[in-house]
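Fold and contact review
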Amino acid sequence: MVQIWRRALKDIWANRFLNTITVVTIAMAVLIVSAFGLLSVNFHQLMDKWRNGIRMLVYLKADVSQQDRQALEDRIRGIKGVSGVTFISKEEGLARMKQRMAILERLLEDLKKNPLPDTFEVRLDADALEGDRIDGVASAIRAMAPVEEVVYGKVWLNRFAGLMHLFRLAGTAMGGLFIMAAVFIVANTLRLVLYSRQQEIEIMRLIGATDRFIKMPFFVEGLVQGFFGGLLGLAVLYGLFRVAAVRVGAYLPIGFGEMRYFSSTTLLLILGCTMGVGWIGCYLSLKGFLRR
Amino acid sequence: MIGGKEKSPVIRMYHVHKSYGTKKALTDISLELMENERVFISGASGAGKTTLLKLIYLAEPVTRGQVLVDGMNLSRIVPKRIPFLRRKLGIIFQDFKLIPDKTVFENVALVLEAAGHKRRFVEKKVKSVLRVVGMEDKKDALPPGLSGGEQQCVAVARAVVGNPKIILADEPTGSLDPGSARKILALLDHYHRNGATLLIATHDRELIRRADGRVVHLDKGRLVSHR
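Residues numbered from 1 in each chain as written. Chains lettered and ligands numbered in written order. Predicted model: local features only at pLDDT ≥ 70, side-chain atom pairs only at ≥ 80, totals over all residues.

The next point concerns the overall build of chain B. Helix and strand content of chain B: seven helices and 10 strands. By the burial criterion, 42% of the 227 residues in chain B qualify as buried. Once local pairs closer than 6 in sequence are excluded, the contacts in chain B between residues at least 24 apart make up 70%. (Helix = DSSP H or I, 4+ residues; strand = E, 2+ residues; numbered from the N terminus. Buried ≥ 20, exposed ≤ 12 C-beta atoms within 10 Å, placed from the backbone. Contact = placed C-beta atoms within 7 Å.)

Shown next as structure tokens:
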């Protein structure tokens, strides 16, 4: 094994120009794919926090008795996915509105009659916010007799879901393309190295070297290229992330937390993948070459 | 007889034919080489000497007939076993076939590394062989910086370092000055005395005249005489 590593490192040094090109190519692929991944992770985190803040507002019909209101509250609490219910009387609702919209305070002062209905503010579990489940909860509440209207950010939730879907799709497509490009470039770089060493390989075969003995240093070369390509890509991404985190962080609302980089497990996984890319590239180029 | 033991054949060729397309390179060759024998294959350029050697180390397959090397039937050998066949042979090529960007030491060591020997053994063995062929001082030199005679010495060292049973030499003195040629012959003699079977392809009549051994003459791919 020591001999294989020694031969591989010597070959890497001997073909340092080609190897540098390969490492930089892998680094660029890693940078682009990982940047998408990192954006996705932070976007998810941001959206999760936003989504968890979503409340469903249940407006009641006028003149609902306290007894009916209590019964309604109990029934809403019994619906699967509902984590909490708070009653907001129309007086309290108007007071809150005045507080939040100070600019309209004088206009609201002039109102002869409170136009707001009594309302229940319904908090939902994270699961209930997924897909069509929120619609199911809203329909169940809407079907209850004293309920006038149920309001929630359906349009926003749908937009959010669409955006996430598009983001995931674009990330997967671009990631796939860049990984394929990286494999292709590694394979072709190694093929160039193989062609330049065709005579040496032929001599090695004539003196009794097995294909395994000939191949192993190339595989080690592929792994080393993948590792350093991955490391370089992630290091550049980290530098860009640090700059972006400071700038974007300033625009994030309080409570949305900080932008975060990949966990150490994810970093190891990415490095494993880039080494895999090196290995596959090497496998593809050797497969055709040594068969001849 | 070696040490009282009966000598057995190490190379056997039965009615071997080799063609490249419609061109016949060898026709109906039958030949046996015994253990520790020294055999010269003589003939003009293009007589089929190199082709005959190539069939033995399986750089080329036979078109018809059978070749057996140390009991291995080369017509039936699986590709995975070919490296093991070649480790039984020490091959000296006409054009040396040294790797230009590896040092003398590395070129010779490659044979033992490929056979999976430990680093310490490789170093010891290569040094000792380079001492025998007189190239110890140039172990760190690259082949392009060596004279033809020196390159051939390295090629001999590489051929013998794995202690092969059989040494195949293709025109080992072909491109050398008389002094270097004598040195190479003396080296081959040394390994022959130590038990190796020698099969030397050459068109150098002077070399054949001076050395001891059986002579097989090829003419246009046919075996025409034994001596």
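That covers the picture; the talk isn't over yet.
Turning next to the interface of chain A and chain B. On the chain B side, the residues contacting the 11 residues of chain A number 16 residues. Going through the elements one at a time, helix H1 (2–14) and helix H8 (198–206) of chain A are the ones with two or more residues in the side of chain A that touches chain B. Residue composition of the side of chain A that touches chain B, by class: seven nonpolar, three polar and one charged. (Nonpolar A, V, L, I, M, F, W, Y, C, P; charged D, E, K, R; others polar.)

A few words on the packing of helix H3 (residues 104–114) of chain B against helix H4 (residues 119–132) of chain B. Residue and element names in this part refer to chain B. Two elements in contact, H3 and H4, have axes separated by 10 Å at closest approach and are oriented at 125°. Taken together, the axis directions place H3 and H4 in an arrangement best described as oblique. Considering how the two elements wind past one another, H3 and H4 form a crossing that is right-handed. Counted together, Val104, Phe105, Val108, Ala109, Leu112 and Glu113 of H3 and Val122, Lys125, Val126, Val129 and Leu130 of H4 form the full contact between these two elements. (Axes fitted to C-alpha atoms, helices over the stretch in contact; angles between N-to-C directions. Parallel < 35°, antiparallel > 145°, perpendicular 65-115°, else oblique. Left-handed = near helix turned anticlockwise from the far one by under 90°.)

Residue and element names in this part refer to chain B. You can see Thr63 is positioned in the loop between helix H1 (49–56) and strand S4 (64–69). A sequence separation of 44 residues divides Thr63 from Ser19, and the C-alpha atoms of the two residues are 6.2 Å apart. Those residues within four positions of Thr63 in sequence are excluded, and the remaining contacts are His17, Lys18 and Ser19.

Here we come to the sheet that holds strand S3 (residues 119–124) of chain A. Each strand in a sheet pairs with another by means of backbone hydrogen bonds, the pair being arranged parallel or else antiparallel. All names here are of chain A. Reading across from one edge, S2-S3-S1-S4 is the order of the four strands in this open sheet, with antiparallel pairing throughout. Looking at which strands have only one partner, the edges of the open sheet turn out to be strand S2 (82–88) and strand S4 (147–151). Direction aside, the axes of adjacent strands within the sheet are offset by 20° on average. The strands that helix H3 (residues 66–77) touches are strand S1 (55–60), S2 and S3; relative to S2, the one it contacts most, it runs at about 160°. (Pairing = 2+ DSSP bridges.)

The next subject is the pairing of S3(A). All names here are of chain A. Where S1 and S3 come together, five bridges link them in antiparallel fashion. When the bridges of S3 are listed, Arg55 appears paired with Arg123. Note: S2 against S3, six bridges, orientation antiparallel. Paired with Val82 across the bridge in S3 is Leu124.

Before going further, it helps to examine H3(B). Residues and elements named next belong to chain B. The element H3 is extensively covered by neighbouring structure, given that 10 of its 11 residues are classed as buried. Every buried residue of H3 is listed here: Val104, Phe105, Asn107, Val108, Ala109, Leu110, Val111, Leu112, Glu113 and Ala114. Of the residues flanking the end of H3, it is Gly116, one or two places downstream, whose phi is positive at about 85°.

Let us now look at the nonpolar core. A general trend in soluble globular proteins is that nonpolar side chains are found buried together. Ranked by size, the top nonpolar core spans 72 residues in total, and within it Val108(B), Val126(B), Val156(B), Ala157(B), Ile167(B) and Leu168(B) carry the most contacts. At eight residues, the largest contribution of residues to this core is made by H3(B). Not counting chain neighbours up to four residues away, the residues in contact with Ala157(B) comprise Val108(B), Val129(B), Leu130(B), Val133(B) and Met135(B). By size, the runner-up hydrophobic cluster in this structure holds 28 residues, among which are Ile26(A), Val183(A), Ala187(A) and Ile270(A). (Core = buried A, V, L, I, M, F, W, Y, C linked by C-beta atoms within 7 Å.)

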